[in-house]
Amino acid sequence: MNHANEETLLQSAVAYAKQAGDLIRGRVGNLGDIQEKKNVSDLVTKVDMLSESLLRSQILKDYSDHWILSEEDNGTLNSYEALQKKGSGLGWIIDPIDGTTNFIHEVPHFAVSIGIVRDQEPIIGVVYNPLTEELFHARKHFGAFRNGAPIQAGKETRLGESLLAAGFQAEEWGPNSHLLKQMDKLAGNCRNLRMNGAASLDLCWVAMGRLTGFWHSGLHPWDTSAGVLIVREAGGQVTDHHGNAYQLHHDTLVASNGNIHSEFLSGIQL
Ligand code: IPD
Ligand code: CA
Ligand code: CA
């Protein structure tokens with residue numbers, strides 16, 4: 001596919017994200033039923049489903065030959081199985097609301113995340129927070145942007161001056177978790193820690209330097225397909241917890257401005 005066509009795909013992704021964002025913004029405080037998926041901290045609302053079906057129908061209308069992987073339609077497949085089933089070619093990976101718990105509690109920090117991949121490699125990423133109207137995007141080899149202006153990952157060079165964020169995977173929410181032990185190890189060794197509740201936005205915040213780094217286990221391709229490209233295009237680095245270049249089926253993710261990456265990786269090894 002040539003560059004002009006990728007630009008068209010990007011414009012479509014931006015348009016769909018904004019349409020879904022308008023729908024979600026109009027439903028804050030009017031959620032419909034809330035359902036638990038795995039537990040009380042893993043939730044889905046009627047609005048997640050409406051946003052997903054809007055996104056799916058727009059993509060199918062304009063790009064009927066592309067595949068779609070979306071959170072609420074995925075069933076019980078794990079990330080590896082889900083991606084394998086979709087195969088090669090151009091595909092759209094969508095999270096209709098990333099940060100559903102924030103959405104339910106009216107914390108203004110959630111997003112629509114749309115990643116476009118070719119042969120499983122992200123080539124376009126769009127993340128849109130409908131309440132702040134911040135829109136992040138990237139195209140592979142063409143840089144990363146916030147509301148149209150280029151962004152760069154932060155300049156910190158040491159873990160000690162880094163602001164880091166993390167999040168609990170639903171299965172891990174409880175005492176003595178791996179994450180709590182990692183946080184205990186980092187406490188006092190970085191500037192501070194945050195838990196913001198929307199992985200796609202955490203990645204964008206690393207990309208624009210609000211955060212120096214972000215780590216998580218158990219994320220899915222719909223959480224990361226857009227944000228990972230946005231971090232990389234902003235000059236940051238994304239690996240798994242062992243330092244291997246991040247792939248969408250990986251179970252662990254470490255994103256940073258690049259400068260602190262090896263110190264960060266050591267900092268979370270238990
Ligand atoms: C969740 C958010 C959260 C992360 C969870 C994800 P959802 O996505 O990205 O920040 O910690 O692991 O599942 O369920 O709100 O789309
Ligand atoms: Ca998500
Ligand atoms: Ca979601």
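Below, the structure is looked at part by part.

How each quantity is defined
- Residues numbered from 1 in each chain as written.
- Chains lettered and ligands numbered in written order.
- Predicted model: local features only at pLDDT ≥ 70, side-chain atom pairs only at ≥ 80, totals over all residues.
- Heavy atoms only, no water.
- Donors = N, O, S within 2.8 Å, 3.2 Å for Na, K, Ca; no water.
- Buried < 20%, exposed > 50% of the residue type's maximum accessible area, 1.4 Å probe, protein only.
- Core = buried A, V, L, I, M, F, W, Y, C linked by side-chain atoms within 4.5 Å.
- Helix = DSSP H or I, 4+ residues; strand = E, 2+ residues; numbered from the N terminus.
- Contact = heavy atoms within 4.5 Å.
- Near = heavy atom within 4 Å.
- Polar contact = N/O pair within 3.5 Å; in protein donor to acceptor, adjacent residues only side chain to side chain.
- Areas by Shrake-Rupley, 256 points an atom, 1.4 Å probe, with all protein chains shown as cover.
- Nonpolar A, V, L, I, M, F, W, Y, C, P; charged D, E, K, R; others polar.
- Domains from an automatic or database assignment.

**As for the coordination of the calcium ion (ligand 3)**
Protein ligation of the calcium ion (ligand 3) involves Glu71 (OE), Asp95 (OD) and Ile97 (O), the donor distances falling in the range 2.2 to 2.3 Å. When the donors of the calcium ion (ligand 3) are listed by position in the chain, the intervening gaps give E-x23-D-x1-I. The metal-metal distance between the calcium ion (ligand 3) and the calcium ion (ligand 2) is 3.8 Å, with Asp95 coordinating both.

**Some points on the coordination of the calcium ion (ligand 2)**
The protein atoms that coordinate the calcium ion (ligand 2) are Asp95 (OD), Asp98 (OD) and Asp223 (OD), at distances of 2.1 to 2.3 Å. Residue classification places Asp98 among the buried residues on the basis of a relative accessible area of 6%.

**Quick look at the nonpolar core**
Counting residues in each nonpolar core, the largest one holds 35 residues, and the members touching the most others are Ile93, Val127, Phe214, Ile230 and Leu253. Elements represented by at least two residues in this core include exactly strand 3 (67–70), helix 3 (79–86), strand 5 (111–118), strand 7 (134–139), helix 6 (199–207), helix 7 (221–233) and strand 14 (252–256). When near neighbours in sequence (up to four residues on either side) are disregarded, Ile93 contacts Trp67, Leu69, Leu83, Ser113, Ile114, Gly115, Val117, Pro221, Trp222, Ser225 and Leu248. Core analysis: the second largest hydrophobic core is formed by 31 residues, Ala13, Leu31, Phe110 and Ile114 among them.

**Overview of the site of ligand 1**
The immediate surroundings of ligand 1 are formed by 14 residues, with Asp98, Gly99, Thr100, Gly197 and His216 found nearest. Here an oxygen atom of ligand 1 sits 2.7 Å away from a polar atom, N or O, in the main chain of Gly99. One of the side-chain N or O atoms of His216 is found 2.7 Å from an oxygen atom in ligand 1. Expressed as a share of its isolated accessible area of 380 Å², the protein-covered part of ligand 1 is 84%. With three residues, the single largest contributor to the shell around ligand 1 is strand 4 (residues 90–98). In the shell around ligand 1, the residues fall into five nonpolar, five polar and four charged. Mapped onto the domain boundaries, the shell around ligand 1 takes at least three residues apiece from domain 1 (3–150) and domain 2 (159–268).

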